[in-house]
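Listed here are the chains, written in short residue letters.
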Amino acid sequence: MEHEITLVVNGAARRARVPGRRLLSDCLRHDLGLTGTHVGCEHGVCGCCTVLLDGEPVRSCLTLAVTVDGREITTVEGLAGPDGLSPVQRAFEECHALQCGFCTPGFLCTVTALLRDNPAPAEDEVLDGISGNLCRCTGYQNIVKAVHRAADLLAEERAPSAGEPPRDGEAS
Ligand code: FES
Ligand code: FES
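Residue numbers here run from 1 along each chain, matching the order of that chain's written sequence. Think of it this way: whatever chain is written first is A, whatever ligand is written first is 1, and the rest follow in order. The model is predicted, so local features are restricted to residues of pLDDT at least 70 and side-chain atom pairs to those at 80 or more, both for listing and for counting; the totals for chains, interfaces and linings are taken over all residues.

- In the nomenclature of an unreviewed UniProt entry, the chain is known as Carbon-monoxide dehydrogenase small subunit of Nonomuraea roseoviolacea subsp. carminata.

## Here we look at the packing of helix α3 (residues 104-117) against helix α5 (residues 141-158)
Step number 1: Axis geometry follows a simple rule: fit a line to the C-alpha atoms, using only the stretch in contact for helices, then measure angles between N-to-C directions, giving values from 0 to 180 degrees. Secondary structure counts use DSSP, requiring at least four H or I residues in a row for a helix and at least two E residues in a row for a strand, with both numbered from the N terminus. Running from N to C, α3 and α5 point in directions that differ by 45 degrees, and their axes come no closer than 11 Å. Relative to α5, the element α3 is oriented oblique. The way α3 lies across α5 gives a crossing that is right-handed. Seen from α3, the contacting residues are Phe-107, Val-111 and Leu-115; seen from α5, they are Ile-143, Val-147, Ala-150, Ala-151 and Leu-154. Throughout this description, any angle smaller than 35 degrees is read as roughly parallel, any larger than 145 degrees as roughly antiparallel, any in the 65 to 115 degree range as roughly perpendicular, and the remainder as oblique. Note on convention: near helix rotated counterclockwise from far helix by under a right angle means a left-handed crossing. Clockwise means right-handed. Here contacts are defined at the residue level, using C-beta atoms placed from the backbone and a cut-off of 7 Å between them.

## Comments concerning the domain arrangement of the chain
Step number 1: Domain start and stop points were drawn from an automatic or database domain assignment. Its domain assignment divides the chain into domain 1 (2-78) and domain 2 (87-158).
Step number 2: Between the C-alpha centres of domain 1 and domain 2 the distance comes to 22 Å.
Step number 3: Taken together, the contact pairs 16 residues of domain 1 with eleven residues of domain 2.
Step number 4: When residues in the side of domain 1 that touches domain 2 are grouped by element, the largest group, three residues, is from strand β3 (residues 50-53).
Step number 5: For this scheme, ten residues count as nonpolar: Ala, Val, Leu, Ile, Met, Phe, Trp, Tyr, Cys and Pro. Four count as charged, namely Asp, Glu, Lys and Arg, and the remainder, Gly too, count as polar. Of the residues belonging to the side of domain 1 that touches domain 2, the class tally is seven nonpolar, eight polar and one charged.

## Structural notes on helix α1 (residues 24-31)
Step number 1: In this scheme the burial state of a residue depends on its C-beta neighbours within 10 Å: 20 or more other such atoms mean buried, 12 or fewer mean exposed, and anything in between means partly exposed; the C-beta positions come from the backbone. When α1 is considered as a whole, its buried residues turn out to be Leu-24, Ser-25, Asp-26, Cys-27 and Leu-28.
Step number 2: Those residues of α1 that are buried are in contact with β2 (12-19).
Step number 3: Once α1 finishes, Gly-33 follows within two positions and takes phi at roughly 75 degrees, a positive value.

Take a look at the structure:
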C-alpha cells in the first residue's frame, strides 16, 4: 500500500507517494531527486545521511518517510543562502575539511544545528557534537578546525558591521 505524503523540504512543499517502509533517505534521493543526502551504512552508524528534521539532526536512514509527513526537512541542498554558501559550508571549504566528500553533507547538517544551539563551542563540545558522524578520509583535525572557523564566521555575521550606526540602547 502506498501513502501520499507532503514534506516541506528546504522551504518548499514536496509531495511523494511512498510505501510505508520507504526510508526518508530513499524518499529524498529517489522520490525527490535530492541526492546531496548520502547513504553509507544504512543502519544508523555513520551519520552520512543526517538531515535536519524541524531543525534537529536525524539519521534519515532510520526514519520512515511516512512518519515525517507534514514536517520540515533541511538537506544539504538547503543550507546555502541567496548569497551563496553558508558560513559552515565556507568554513569546510576554507579549512579543507573534506577529501572524498562522502561524509560532508551529514557533517554540514550536524554542525549547522550544533552551532545554532551552541554558537561558541569548546573543543570537547565540538568533538562531542560531531561524534555521531564518521569520516574515513580526513582524520577529523580539519573538520574540528572548520567547526571553530564556522563559529567565527557566524559571530562575524551576527556582529554589527563597522560603520553601521548603533541601534537604540547599544553603546556606541
Ligand atoms: S547511512 Fe544513515 S547513519 Fe549511515
Ligand atoms: S571526506 Fe571522505 S569520508 Fe569524510
